[in-house]
Amino acid sequence: MRTQVVIIGSGPSGLLLGQLLARAGIANVIVDHASKDHILGRVRAGVLEEGTVRLMDEAGSGARMHAEGIAHDGFSLAFDGRDHRIDLFGLTGGRRVMIYGQMELTRDLMDQRERAGAPSVYEAESVTPRDFEGDAPHVAYRKNGIAHRIDCDFIAGCDGFHGVSRRSVPQNAFRSFEKVYPFGWLGILADVPPVDDELVYANHPRGFALCSMRSHTRSRHYIQCPLGEKIGDWSDQRFWDELRRRLPAHHAERVVTGPSFEKSIAPLRSFVAEPMRFNRLFLAGDAAHIVPPTGAKGLNLAASDVHYLFEAFVEHYQDRSNAGIDAYSARALARVWKAVRFSWWMTTILHRFPETSEFDQKIQEAELAYLTHSSAAATALAENYVGLPF
Ligand code: FAD
Ligand code: DHB
């Protein structure tokens, strides 16, 4: 088989790129090692920047998102038993975020792709990008015991942090930068009404807590937990009790409990691989970088990479120019590092770190106080949270 672009990975970045390319008349095949149901079962992110919303529209997949997503104009920072609202809309000249789950976004893109008749291969084994250093790359895989290869012009590695694309690049061809945080997030999903109309990010002596949502009847909550914590040790009751302890009283009183139908622990990490292009292989999304979830940037960064990569491919095929392709890595990384900084900073001011010195604790309190007393500080937070321009 031959196509123009083979996309490895059918997560948000691969699906979004595939849909944009298909609409621009650029042939592409998506190859993923997981099953469709498995991919659709991943809960993960829930906050979309306006740029991500725009890309979903450009991909022709935004209708349900606009009907069911919830626009948010602000969120609450809770500490010292009180709430401090960050007025995203007012501080950024009218910008906002959209609450819409990664599961739903993935489903919309997959449905649209199926309707358009664009090819996807699921449950492919031993997927491998090959010969991307030269002019004739291909992707090899096995399915039902049979070996396949797809010849192409370019390979897009959209296969997440543990994917094969970055691992196929010689170690000495890239540099990586990493920071691992000494805690994780325990998250649950439950069909109970949200704690508040907006998200609540809480800094508490017992640890960070986040009250989020997927709809007016479905809540997504997280609490900071020590590394090595076992999910089996966290009954729903224990989770709800711990969440309530970390919230100001007026929020704690409004927590409606109920059985969770998803519960998982995610480690927190910052990671960047540089560059993001290796001749005819391009990395996008989690394949190239990971941020801790505190600033809700992971999925949105995947979308901004896709924006730059899509523009580069359009320039190549329609304008016969490789300028976008040559600039892709530098353009994407410039935005990536700003989001890496923001996510690290949000993590630092909101979590309790083991063995924090009294000095560090005082600095954290001063950071939070500054945010609530200075509109310049709050504006810096708001413009990063709603998303820096592409
Ligand atoms: P992925 O979603 O990881 O998709 C990669 C795809 O590649 C998958 O479908 C996978 O099956 C496929 N693949 C992997 N390896 C191979 C292979 N060898 N061969 C073929 N296919 C392969 N972000 C937020 O903003 N907020 C959050 O709350 C949040 N929570 C998260 C919780 C967890 C547990 C994780 C892991 C991430 C979370 N993120 C969150 C980050 C966000 O979900 C990711 O940034 C986003 O999924 C990135 O999309 P992607 O398409 O680049 O990668
Ligand atoms: C969600 C996750 C985040 O990391 C965040 O900062 C806000 C919301 C969520 O899953 O709803």
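Values in this document were obtained by computation on a predicted structure and should not be read as measured data.

Draft legend 1. Structural context of the sheet that holds strand β7 (residues 97-99). If you walk across this open sheet you meet the three strands as β3-β7-β4, and the pairing is antiparallel. The open sheet has two edge strands with one neighbour each: β3 (47-48) and β4 (70-72).

Draft legend 2. Looking closely at the UniProt feature "domain: FAD-binding" (unreviewed entry) in the chain. In the numbering used here, UniProt assigns the feature "domain: FAD-binding" (unreviewed entry) to residues 2-343. Summarising residues 2-343: 32% helix, 30% strand, and an end-to-end C-alpha distance of 40 Å.

Draft legend 3. Structural view of the sheet that holds strand β6 (residues 82-86). Read from one edge to the other, the open sheet built from eight strands follows the order β6-β5-β14-β15-β16-β13-β17-β20, with strand pairing classed as mixed. Strand pairing shows two members of the sheet lacking a second neighbour, β6 and β20 (289-290), which therefore form its edges.

Draft legend 4. How the structure looks around the pattern of salt bridges. All chains considered together, the criterion is met by 25 salt bridges. Two residues, Asp-135 and Arg-280, come together in a salt bridge whose shortest N-O distance is 3.5 Å. Pair noted here: Asp-135 is in the loop between β9 (125-130) and β10 (138-143) and Arg-280 is in the loop between β18 (277-278) and β19 (281-283), with a separation of 145 residues, a long-range link. Asp-191 is the salt-bridge partner of Arg-218, the closest N and O atoms lying 2.8 Å from each other. With Arg-218 in the loop between β15 (209-213) and β16 (219-225) and Asp-191 in the loop between β13 (175-190) and β14 (200-202), this pair connects stretches of sequence that are 27 residues apart. The class of Asp-191 is partly exposed, set by a relative accessible area of 47%. Each of Arg-64, Glu-68, Glu-104 and Asp-108 takes part in one network of salt bridges that share partners.

Draft legend 5. Region of the structure containing the site of ligand 2. Inspection of the region around ligand 2 gives 14 residues, with Tyr-201, Ser-212, Arg-214, Tyr-222 and Pro-293 positioned closest. One nitrogen or oxygen atom from the side chain of Tyr-201 is found 2.6 Å from an oxygen atom belonging to ligand 2. Arg-214 places a side-chain nitrogen or oxygen 2.7 Å from an oxygen atom of ligand 2. Protein burial of ligand 2: of its 300 Å² of free accessible surface, 97% is covered by the chains. Elements with a minimum of two residues in the shell around ligand 2: β15 and β16. Its residues assigned to classes, the shell around ligand 2 comprises eight nonpolar, three polar and three charged.

Draft legend 6. Region of interest: the packing of helix α1 (residues 12-23) against helix α6 (residues 102-116). Where α1 meets α6, the closest approach of the two axes is 10 Å, and the angle between their N-to-C directions is 35°. Every pair of crossing elements has a handedness; the one defined by α1 and α6 is left-handed. Across the interface between the two elements, Pro-12, Leu-15, Leu-16, Gly-18, Gln-19 and Arg-23 of α1 pack against Gln-102, Leu-105, Thr-106, Leu-109, Met-110, Gln-112, Arg-113 and Ala-116 of α6.

Draft legend 7. Summary view of the nonpolar core. If you look at the biggest cluster of nonpolar residues, it comprises 75 residues, and the most contacted ones within it are Val-5, Leu-16, Leu-17, Val-31 and Phe-313. Ranked by residues supplied to this core, first place goes to helix α10 (residues 298-318) with 11 residues. Excluding residues within four positions of it along the chain, Leu-16 makes contact with Leu-55, Met-56, Ala-59, Leu-109, Ala-303 and Val-306. Within the second largest apolar cluster, 33 residues are counted, among which are Leu-77, Phe-183, Tyr-222 and Ala-296.

Draft legend 8. How the structure looks around the packing of helix α3 (residues 50-58) against α10. Look at α3 against α10: their axes get within 9 Å of each other, and the N-to-C directions meet at 50°. Judged on the interaxial angle alone, α10 and α3 are oblique. Crossing of α3 over α10 shows left-handed handedness. Residues Thr-52, Leu-55 and Glu-58 of α3 form the contact with α10, whose own contacting residues are Asn-300, Ala-303, His-307 and Phe-310.

Draft legend 9. Examining unusual backbone geometry more closely. A cis amide bond, omega 0°, links Glu-274 with the succeeding residue Pro-275. Positive phi outside glycine occurs at Asp-80, with the angle close to 55°. Following the sequence through the fold, Asp-80 ends up in the loop between β5 (75-79) and β6. Backbone geometry at Glu-123 places phi at a positive 55°, although glycine is not the residue there. In this fold, Glu-123 is placed in the loop between β8 (120-121) and β9. Under the relative-accessibility criterion, Glu-123 is labelled partly exposed at 46%.

Conventions adopted
Residues numbered from 1 in each chain as written. Chains lettered and ligands numbered in written order. Predicted model: local features only at pLDDT ≥ 70, side-chain atom pairs only at ≥ 80, totals over all residues. Heavy atoms only, no water. Pairing = 2+ DSSP bridges. Helix = DSSP H or I, 4+ residues; strand = E, 2+ residues; numbered from the N terminus. UniProt positions renumbered as here; feature names shortened; annotations may be inferred. Salt bridge = Lys/Arg side-chain N within 4 Å of Asp/Glu carboxyl O. Buried < 20%, exposed > 50% of the residue type's maximum accessible area, 1.4 Å probe, protein only. Near = heavy atom within 4 Å. Polar contact = N/O pair within 3.5 Å; in protein donor to acceptor, adjacent residues only side chain to side chain. Areas by Shrake-Rupley, 256 points an atom, 1.4 Å probe, with all protein chains shown as cover. Nonpolar A, V, L, I, M, F, W, Y, C, P; charged D, E, K, R; others polar. Axes fitted to C-alpha atoms, helices over the stretch in contact; angles between N-to-C directions. Left-handed = near helix turned anticlockwise from the far one by under 90°. Contact = heavy atoms within 4.5 Å. Core = buried A, V, L, I, M, F, W, Y, C linked by side-chain atoms within 4.5 Å. Parallel < 35°, antiparallel > 145°, perpendicular 65-115°, else oblique.

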